[in-house]
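One letter stands for each residue in the lines below.
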Amino acid sequence: MLEKLRNKFTENKDIEPAQKSIVGIDISHSIVRVIQLKQKKKVWSLVKVSSKVLADSYENEDKRNEAIVTQLKNIKLEQKIKFDEAAISLPVNSAIIQVVQIPYLEEDQLNEAADNGSLWETAINLPGETSEYSIFWQTIKKDKEKNTLTLLFVASRTEEIEKNCDLLRQAGFDPIVVDVRCFALRNMLKTIPEVRDTSAKVFVEISGYENYAVCMHDDLPFIYDIYVTDEDAKFLIAGNEKIPNEVVVRVAEQVRTAMTSCLKQCGVPRLENVQLSSSLPFAKIIFKQLKSELTEYKVELMDPFSH
């Protein structure tokens, strides 16, 4: 997906994003984050990291966008970032992500069906026209004997991509890489030794209006929505020293439902380690309360800097 979308936003198509100086930008409901990485001999090092908190609510979307642009400009000045190229994450709720199994096709047949759109018309029910989406797909597993082909399908509305990229441009950045946020978090799991070799890797994102679980099994990503009411989301976003216990109980029950779906779909007997990710200011408090509710799992706070 990175390479395919990169071509939409940069003129220089001969340079891979990883070979350029680049910052990563993550815009959530509550926080704007910017990091800079440096690669030397295939090893990545963290050079700079900065984050700015956004208000719980704004007068309207335009005011919120103005605040995001202002914070990005402030970070660029404070961190003395001298280049413009940026990678940006898209929220999961703006994308359609599915693992699709279809009858086996040879490579040329598969490419032709994907190019003319007939593949998605039969395999995926997209809201609206296919032309409204930027579509990435990847072959995950082939089984000619069983006549099956497993594909990863990711579709993001072009309008949503452009809206997010425009915020970066207003702040003085050039968005050359775009990807859905959950895949960046999935890649981060690979850096954690305790979960690297397990058969199923699971992380849960609880960020108010962005709540989901991702279960990785045999390199297949299964994504499940975690339902949180608007009222409960407000409690999570506003936060304080203690989120109301009934809110945490309801969220924990939804996490259990997602875990049950994961077990059934992946066919694994049990899940032990669950990583929690959150962009909320009171993430550690939410983590502590969820951990006390989800006693059947080893719940850990996902920390990219601990390894």
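The sections below set out a description of the structure shown in this document.

Parameters at a glance
Residues numbered from 1 in each chain as written. Predicted model: local features only at pLDDT ≥ 70, side-chain atom pairs only at ≥ 80, totals over all residues. Heavy atoms only, no water. Buried < 20%, exposed > 50% of the residue type's maximum accessible area, 1.4 Å probe, protein only. Helix = DSSP H or I, 4+ residues; strand = E, 2+ residues; numbered from the N terminus. Pairing = 2+ DSSP bridges. Axes fitted to C-alpha atoms, helices over the stretch in contact; angles between N-to-C directions. Contact = heavy atoms within 4.5 Å. Disulfide = S-S within 2.5 Å.

## Some points on helix 6 (residues 181-189)
In step 1: By the criterion of burial, helix 6 is predominantly enclosed, with seven of the nine residues buried.
In step 2: Restricting attention to buried positions, one finds in helix 6 the residues Arg181, Cys182, Phe183, Leu185, Arg186, Met188 and Leu189.

## Some words on the sheet that holds strand 3 (residues 43-53)
Hydrogen bonds between backbone groups are what pair the strands of a sheet, and the pairing can be parallel or antiparallel.
In step 1: What the five strands build is an open sheet, ordered 3-2-1-4-8; its pairing is mixed. For this open sheet the edge positions go to strand 3 and strand 8 (174-180), each flanked by a neighbour on one side alone. For this sheet the average axis-to-axis angle between neighbouring strands, irrespective of direction, equals 25 degrees.
In step 2: Bridge count for strand 1 (residues 22-27) against strand 4 (residues 85-90) is three bridges, and the pairing is parallel. If you follow valine 23 over to strand 4, its bridge partner there is alanine 86.

## A short note on the sheet that holds strand 6 (residues 133-143)
In step 1: Taken together, the three strands give an open sheet; going across it, the order is 5-7-6, and neighbouring strands pair in antiparallel fashion. Of all the strands in the sheet, the pair left with one neighbour each is strand 5 (95-103) and strand 6. Across this sheet, the average inter-strand angle for adjacent strands is 20 degrees, counted without regard to direction.
In step 2: Relative to strand 7 (residues 148-157), strand 6 is paired through 10 bridges, and the arrangement is antiparallel. Directly across from phenylalanine 136, in strand 7, lies its bridge partner valine 154.
In step 3: The strands touched by helix 3 (residues 107-115) are strand 5, strand 6 and strand 7; relative to strand 6, the strand with the most contacts, the crossing angle is about 160 degrees.

## Points about the state of the cysteines
In step 1: Counted according to the given criterion, the structure contains one disulfide.
In step 2: In this model, cysteine 215 is linked to cysteine 262 through a disulfide, with the two sulfur atoms separated by 2.2 Å. Taken as a pair, cysteine 215 in strand 10 (residues 211-217) and cysteine 262 in helix 9 (residues 245-266) lie far apart in primary sequence, 47 residues in all. With respect to class, cysteine 215 is no different from cysteine 262; both count as buried.

Just geometry here; none of it tells us what the structure is for.
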